[in-house]
Amino acid sequence: MGPIDSVHPVSALLSARPAYRMSQYLAAAYMLLIAYASLYPFTGWIDLGIPALGFVGAAWPRYTTHFDLASNIAAYAPLGFLLVAAWRSRYGAWVAAGLALLQGCLLSFVLEWLQNYLPSRVPSNLDWGCNSLGALLGVLAGMRWYGWLNAQRLLYWRRRWLTQSHGSEWGILLVAGWLLTQLSPEILLFGSGDLRQLLDTHPIQPFMAEQFIDLETMVTASGLIAAGLMTSWLLRLNANAVVVALVLTALLLRILAYALMMGPDAATAWITPGNATGLVIGLALLLGATHLSLSWQRAVAALSLLFATVVVNLAPENPYLMHTLQTWNPGQFLNFNGLTRLVCSLWPFLALPWLMSYRAENHEIH
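Calculation notes
- Residue numbering note: each chain is counted from 1, following its sequence as written.
- Totals for whole chains, interfaces and linings use every residue, but because this is a predicted model, local features are given only for residues with pLDDT of at least 70 and side-chain atom pairs only at 80 or more, for both listing and counting.
- Side-chain measures here rest on the full set of heavy atoms in the structure, leaving out hydrogens and waters.
- Secondary structure counts use DSSP, requiring at least four H or I residues in a row for a helix and at least two E residues in a row for a strand, with both numbered from the N terminus.
- Relative accessible area decides the class of each residue, using a 1.4 Å probe on protein chains only: under 20% of the type maximum gives buried, over 50% gives exposed, and in between gives partly exposed.
- The contact criterion used is simple: two residues touch if any of their non-hydrogen atoms lie within 4.5 Å.
- The angle between two axes is taken between their N-to-C directions and runs from 0 to 180 degrees, where each axis is a line fitted to C-alpha atoms and a helix contributes only its stretch in contact.
- Our angle categories are set so that under 35 degrees counts as roughly parallel, over 145 as roughly antiparallel, 65 to 115 as roughly perpendicular, and the remainder as oblique.
- With the far helix as reference, a near helix turned anticlockwise by less than a right angle produces a left-handed crossing, and one turned clockwise produces a right-handed crossing.
- Residues are grouped as follows: nonpolar covers Ala, Val, Leu, Ile, Met, Phe, Trp, Tyr, Cys and Pro; charged covers Asp, Glu, Lys and Arg; every other residue, Gly included, is treated as polar.
- Side-chain atoms within 4.5 Å are what join buried Ala, Val, Leu, Ile, Met, Phe, Trp, Tyr and Cys residues into a set we call a nonpolar core.
- Helix span, expected: 1.5 Å multiplied by one less than the number of residues in the helix.
- For every residue, the predictor assigns a confidence score, pLDDT, that lies between 0 and 100.
- Centres within 6.5 Å are what make two rings of Phe, Tyr or Trp a pair, Trp counting through its six-membered ring; a difference in plane orientation under 30 degrees is then read as stacked, over 60 as edge-to-face, and the rest as tilted.
- Here, a charge over a ring is recorded when the distance from Lys NZ or Arg CZ to the ring centre is within 6 Å and its angle to the ring normal is within 35 degrees.

Looking only at helices and strands, one finds 14 helices and zero strands in the protein chain. Listing each helix as α and each strand as β along the protein chain from the N terminus yields α-α-α-α-α-α-α-α-α-α-α-α-α-α. Residues counted as buried form 44% of the 366 residues belonging to the protein chain. Across the protein chain, every contact between residues at least 6 apart in sequence was considered, and the portion connecting residues at least 24 apart equals 87%.

Here you go:
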């Protein structure tokens, strides 16, 4: 912590504000993710005439699984941790813990109450209890290890690893969102921005195997270039190594998604000739582009992102992938899959304004 201790107290306080905001951003973003997953698919709202708070005193649910209980606890544990880190920068430990626990329990209660008006959802006091327990466990962990996300430590890592610029925090969230898109098995590798489901439209091109391989190659390569360049702008040290590690993480998430959702035998079903070629081409072009000036990097990233988005929306459905997905019973992953699909659809339209407006101070080409 030496680099921070030598800073004047007032300057340190002012400099710590971006790091403090980061903990707030993380907590707020996670709350939005939970809300989306809890209320998906956001259609069919209706008042069924049942007591809105009837679920609080209802009997034990007839059908429940250990997976349901564990997933409800696990979903709220990170929230409790993040909320403690956000509040701890302003208040004492016990006040921060109380506020974090209250916020987590209240969020779960409100979402369960809103599920009364969604025919596809069933409010449950058991879910509320498990969510609250998860928030409590996260709060306890945050009380012990909140230092990993406190403002001073975030400031240290921000100064060490990130370029000194406003907007770095949003850039990190965008990179995290890009990783999240890899958990949706039905999208093209590194492809995002498909608006056809949101607009209720259908593919306009028939499927042809050879052409589809080319489309996969183009989407994978261009999507990789855009995300990789955006990540490199945020970093001051070892940018190329971190970008390669990011790509490997994305591929591991892809393997995990296929393994969990369609079985271990299908874990590598996404590795097609088009995707493999796109990975090689994309990495080669990305590493070459990092030697360009920042203005040229910005142009390459923007064009790659736009090109990938256009191709994704023009690509036909892959009948082989559709056949594979028919064996997938979304079950417990239905809400999470809806979340990842939304992030996939919106990601390039959030990333493009950021990459066009981001101005890194003292940026060095790595």
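Let us look at the packing of helix H4 (residues 93-114) against helix H5 (residues 125-145). A pair of packed helices is captured by two measures, namely the crossing angle of their axes and the spacing between those axes. At their nearest, the axes of H4 and H5 sit 9 Å apart, and the two run at 160° to each other. Judged by the inter-axis angle, H4 sits roughly antiparallel to H5. Seen along the crossing, H4 lies across H5 with a hand that is right-handed. Residues Ala93, Trp94, Ala97, Ala100, Leu101, Gly104, Cys105, Ser108, Phe109 and Glu112 of H4 touch H5, and the partners they reach there are Asp127, Trp128, Asn131, Ser132, Ala135, Leu136, Val139 and Met143. Broken down by class, the residue content of the contact of H4 with H5 amounts to twelve nonpolar, four polar and two charged.

Membership of the largest hydrophobic core comes to 32 residues, with the highest contact counts inside it found for Trp178, Phe190 and Trp354. At the level of elements, helix H7 (168-181), helix H9 (209-234), helix H10 (239-262), helix H11 (273-289), helix H12 (294-314) and helix H14 (334-357) are the ones that each hand at least two residues to this core. Every residue in contact with Phe190, bar those within four places of it in the chain, is listed here: Trp178, Gln182, Val219, Thr220, Gly223, Leu224, Val247, Ala250, Leu251 and Leu279. Among the nonpolar cores identified, the runner-up in size contains 18 residues, and Leu39, Ala100, Leu118 and Ala135 belong to it.

The subject of this paragraph is H7. For H7, which comprises 14 residues, the first-to-last C-alpha distance of 20 Å matches the rise-based estimate of 20 Å (1.5 Å per residue) to within 8%. Across the 14 residues that make up H7, a large majority, ten, are buried. Within H7 the residues assigned to the buried category are Ser168, Glu169, Gly171, Leu174, Val175, Gly177, Trp178, Leu179, Leu180 and Thr181.

Another point: the packing of H9 against H12. Where H9 contacts H12, the two axes come as close as 8 Å, and the packing angle between them is 145°. The crossing of H9 and H12 is left-handed. Counted together, Leu215, Met218, Val219, Ser222, Gly223, Ile225, Ala226, Leu229, Ser232 and Trp233 of H9 and Leu294, Gln297, Arg298, Val300, Ala301, Ser304, Leu305, Phe307, Ala308, Val311 and Val312 of H12 form the full contact between these two elements. Within the contact of H9 with H12, the residues separate by chemical class into 15 nonpolar, five polar and one charged.

Let us now look at the confidence of the model for the protein chain. Here the protein chain averages 79 in pLDDT, and 77% of its residues register 70 or above. Confidence drops under pLDDT 50 across residues 362-366; counting only partners more than four residues distant or on other chains, this segment forms 17 contacts.

Moving on to the packing of aromatic side chains. What the rule picks out here adds up to six aromatic pairs. Between Trp87 and Tyr91 the ring centres are 5.8 Å apart and the planes differ by 40°, which places this aromatic pair in the tilted class. By relative accessible area, which is 23% here, Trp87 ends up partly exposed. Sitting over the face of the ring of Trp233, Arg298 holds its NZ or CZ atom 5.5 Å from the ring centroid.

Take H9 next. Compared with the 38 Å implied by 1.5 Å per residue over 26 residues, the 38 Å span of H9 between its first and last C-alpha is a close match. Within H9, 20 of the 26 residues are buried, leaving the element largely enclosed by the surrounding structure.

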